Amino acid sequence: EKGGYEHYMLKEIHEQPQALRQALSGRVDEMQGTVELGLDLPAEYLRSLEEIQIVACGTSYHAGLYAAHLLEEHADVRVTVHVASEYEFRGGRDPWRTLVVAVTQSGETAETLGALRDAARTGARTLAVTNTVGSSVTRAADDALYIRAGPEIGVAATKTFVSQVATLALLTVHLGRVRDTLSATEASEILGDVRGLPGAVQRALDADEQVQEIAEAYADSEAFFFIGRHLGHPVSMEGALKLKEISYDHAEGFPAGELKHGPLALVTDETPVLAVLTDGANADATLNSVKEAESRGAPVIGCASDGRGEKLLDAGFDVPSLGEMEPLVANVYLQLFAYHVANSKGRAIDKPRNLAKSVTVE
Ligand code: F6R
């Protein structure tokens, strides 16, 4: 049932290319620069849309943060992203021109469902982005957009993260085309990058042995810091969440620029720093943060495209060229890193202590 893998998590990490192909299947016309998502959202409504509010928890929240950048940039719409337990539909905004998007793998997370229901009561239109057909969130929302990742058994979300972002990238292109903020050529380019994801993710997976070696070399560190900017920021948070969940090591992810505003006090030769150095992640600026960490003796591990930072890094994972989708490939390396650190410690990877796959209580 684990397909020859030692854990569901590792199996699901390796299923990412397939999950992505399913997410894209039949939805993308790369030549025309169009997307067909089968949603019931009238063009007129999408054109008059002023704000998107994304509500989600945990890994799905990180996917929402990633998507927010894409939506703001390409669909020219204001996007706010909310941890569902902190969500309040703010007054003063026009509910008719607001779309509330709940991002939830299980479709059953109590806080996300609660936020979506609160929003619906104000008159805002709601959309569920989920992996689970017939889940509570799909019944509560006006519309559902499925990420089609297939069942995820491991408690730590892996393949569903990349599928969520890829699906939200398709929604971005759809909105951008309808709202006329994205030309057909620009849309084709984005769609080309999204379609390149399965292959690029596969290349990262093929480097698993290298990741394992490095993860095992640093497994006994005191703490781990993950840094990135822009699209690399949610990925750094996701990398840290994965590592802490399954290895029980202290890990923190934050915007690279914040390093010098506090966390640097904790950086020593016992605290590896993992940096996202790809397109879409302001890599050149992040290299400054890498230097700050390095000069405190921290080992720096980079997920980099275009050979960035080669001379500065203690270890580097190679990300193929893929525009704004590159940080998602970096994320695959961080998943493998977390997995191998945890596995070298013999942790209960598929069922970490204190955690449940779906959190149905507030
Ligand atoms: C992390 C993880 C959790 C979930 C969160 C939301 O690996 O799995 O943080 O992402 O509980 O779950 P869903 O997406 O089902 O709403």
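Residues numbered from 1 in each chain as written. Predicted model: local features only at pLDDT ≥ 70, side-chain atom pairs only at ≥ 80, totals over all residues. Heavy atoms only, no water.

- For the protein chain, the name recorded in an unreviewed UniProt entry is Glutamine--fructose-6-phosphate aminotransferase [isomerizing], with Halarchaeum rubridurum as its organism.
- The UniProt entry for the protein chain carries the following text under Subcellular location (unreviewed entry): "Cytoplasm".
- Within the UniProt record for the protein chain, the comment given under Catalytic activity (unreviewed entry) is "D-fructose 6-phosphate + L-glutamine = D-glucosamine 6-phosphate + L-glutamate". (UniProt positions renumbered as here; feature names shortened; annotations may be inferred.)

## Some words on the layout of surface pockets
And then number 1: Its volume calculated, the largest pocket comes out at about 530 Å³.
And then number 2: Surrounding the largest pocket, 24 residues form its lining, Cys57, Gly58, Thr59, Lys357 and Val359 being those nearest its centre.
And then number 3: Secondary-structure elements contributing two or more residues to the lining of the largest pocket are α4 (58-75), β5 (98-104), α5 (110-121), α7 (159-178) and α10 (232-247).
And then number 4: In terms of residue class, the lining of the largest pocket is built from nine nonpolar, 11 polar and four charged. (1 Å grid on protein atoms, 1.4 Å probe; cavity = no way out; pocket = protein on both sides within 12 Å on 5 of 7 lines; lining within 4 Å. Points joined across faces, edges and corners; volume = space filled by probe spheres on them. Helix = DSSP H or I, 4+ residues; strand = E, 2+ residues; numbered from the N terminus. Nonpolar A, V, L, I, M, F, W, Y, C, P; charged D, E, K, R; others polar.)

## Describing the sheet that holds strand β10 (residues 273-277)
And then number 1: With parallel pairing, five strands are arranged side by side in an open sheet as β9-β8-β10-β11-β12. Looking at strand neighbours, the two that pair on one side only are β9 (251-255) and β12 (315-318), the edges of this open sheet. The average angle at which neighbouring strand axes cross in this sheet is 20°, direction not considered.
And then number 2: Set on the sheet, helix α9 (residues 208-218) makes contact with β8 (224-228), β11 (300-304) and β12; between it and β12 the angle comes to about 150°. (Pairing = 2+ DSSP bridges. Axes fitted to C-alpha atoms, helices over the stretch in contact; angles between N-to-C directions. Contact = heavy atoms within 4.5 Å.)

## Structural notes on the environment of Ala298
And then number 1: Locating Ala298 in the fold gives a position in the loop between α11 (283-294) and β11.
And then number 2: With a relative accessible area of 3%, Ala298 lands in the buried category.
And then number 3: Spatially, the C-alpha atoms of Ala298 and Ala207 are 24 Å apart, while their sequence positions differ by 91 residues. (Buried < 20%, exposed > 50% of the residue type's maximum accessible area, 1.4 Å probe, protein only.)

## Comments concerning the pairing of strand β4 (residues 78-83)
In summary, the side chains of a regular strand alternate between the two faces of the sheet.
And then number 1: Here six bridges tie strand β3 (residues 51-56) to β4, and the two strands are oriented parallel to one another. Paired with Ala56 across the two strands is Val83, which belongs to β4.
And then number 2: Assessed by its sense of winding, the connection that carries the chain from β3 through α4 to β4 is right-handed. (Right-handed = clockwise from strand over helix to strand, strands pointing away.)

## Overview of unusual backbone geometry
And then number 1: Within the chain, Asn282 stands out as a residue other than glycine whose phi angle is a positive 40°.
And then number 2: Looking at where Asn282 falls in the secondary structure, it is placed in the loop between β10 and α11.
And then number 3: The partly exposed category is assigned to Asn282, whose relative accessible area is 47%.
And then number 4: Of note, the phi angle at Asp306 is positive, near 60°, even though the residue is not glycine.
And then number 5: Along the polypeptide, Asp306 turns up in the loop between β11 and β12.

## Here we look at the pattern of salt bridges
And then number 1: This structure, assessed with the given rule, holds 12 salt bridges.
And then number 2: Glu51 is the salt-bridge partner of Arg78, the closest N and O atoms lying 3.3 Å from each other. Separated by 27 residues along the polypeptide, Arg78 in strand β4 and Glu51 in strand β3 bring together distant segments of the chain.
And then number 3: Residue class for Arg78 comes out partly exposed when judged on its relative accessible area of 42%.
And then number 4: Here Lys242 and Glu238 are joined by a salt bridge, their closest N and O atoms 2.8 Å apart. Within this pair, Lys242 and its partner Glu238 are both found in helix α10, separated by four residues, close to a single helical turn. Here Lys242 matches Glu238 in class, with each residue buried. (Salt bridge = Lys/Arg side-chain N within 4 Å of Asp/Glu carboxyl O.)

## What to know about α7
And then number 1: Here α7 spans 29 Å end to end across 20 residues, near enough to the 28 Å set by a 1.5 Å rise per residue.
And then number 2: Remark: Asp180 follows α7 within two positions and exhibits a positive phi of approximately 65°. (Expected span 1.5 Å × (residues − 1).)

## Digging into the sheet that holds β5
And then number 1: Overall, parallel pairing links the five strands, which are arranged β4-β3-β5-β6-β7 in an open sheet. This sheet does not close on itself; its edge strands, each paired only once, are β4 and β7 (143-146). For this sheet, the mean inter-axis angle between neighbouring strands, taken without regard to orientation, is 20°.

## Re the site of the ligand
And then number 1: Around the ligand sit 14 residues, and of these Ser60, Thr104, Ser106, Thr109 and Glu245 come closest.
And then number 2: Separating an oxygen atom of the ligand from a backbone N or O atom of Thr59 is a distance of 3.1 Å.
And then number 3: Backbone polar atom of Ala157 to an oxygen atom of the ligand: 2.9 Å apart, as the coordinates give it.
And then number 4: Taken by itself the ligand offers 410 Å² of open surface, and the protein chains cover 89% of this.
And then number 5: In the shell around the ligand, the residues fall into five nonpolar, seven polar and two charged. (Near = heavy atom within 4 Å. Polar contact = N/O pair within 3.5 Å; in protein donor to acceptor, adjacent residues only side chain to side chain. Areas by Shrake-Rupley, 256 points an atom, 1.4 Å probe, with all protein chains shown as cover.)

## Quick notes on the environment of His7
And then number 1: The residue His7 is located in the segment before α1 (8-14) in this model.
And then number 2: Linking His7 and Arg47, residues 40 residues apart in sequence, is a C-alpha distance of 45 Å.
And then number 3: Once residues lying within four places of it in the same chain are set aside, the contact partners of His7 are Lys2, Tyr339, Asn343, Arg347, Ile349 and Asp350.
And then number 4: For His7, the side chain forms a polar contact with the side chain of Tyr339, separated by 2.7 Å.

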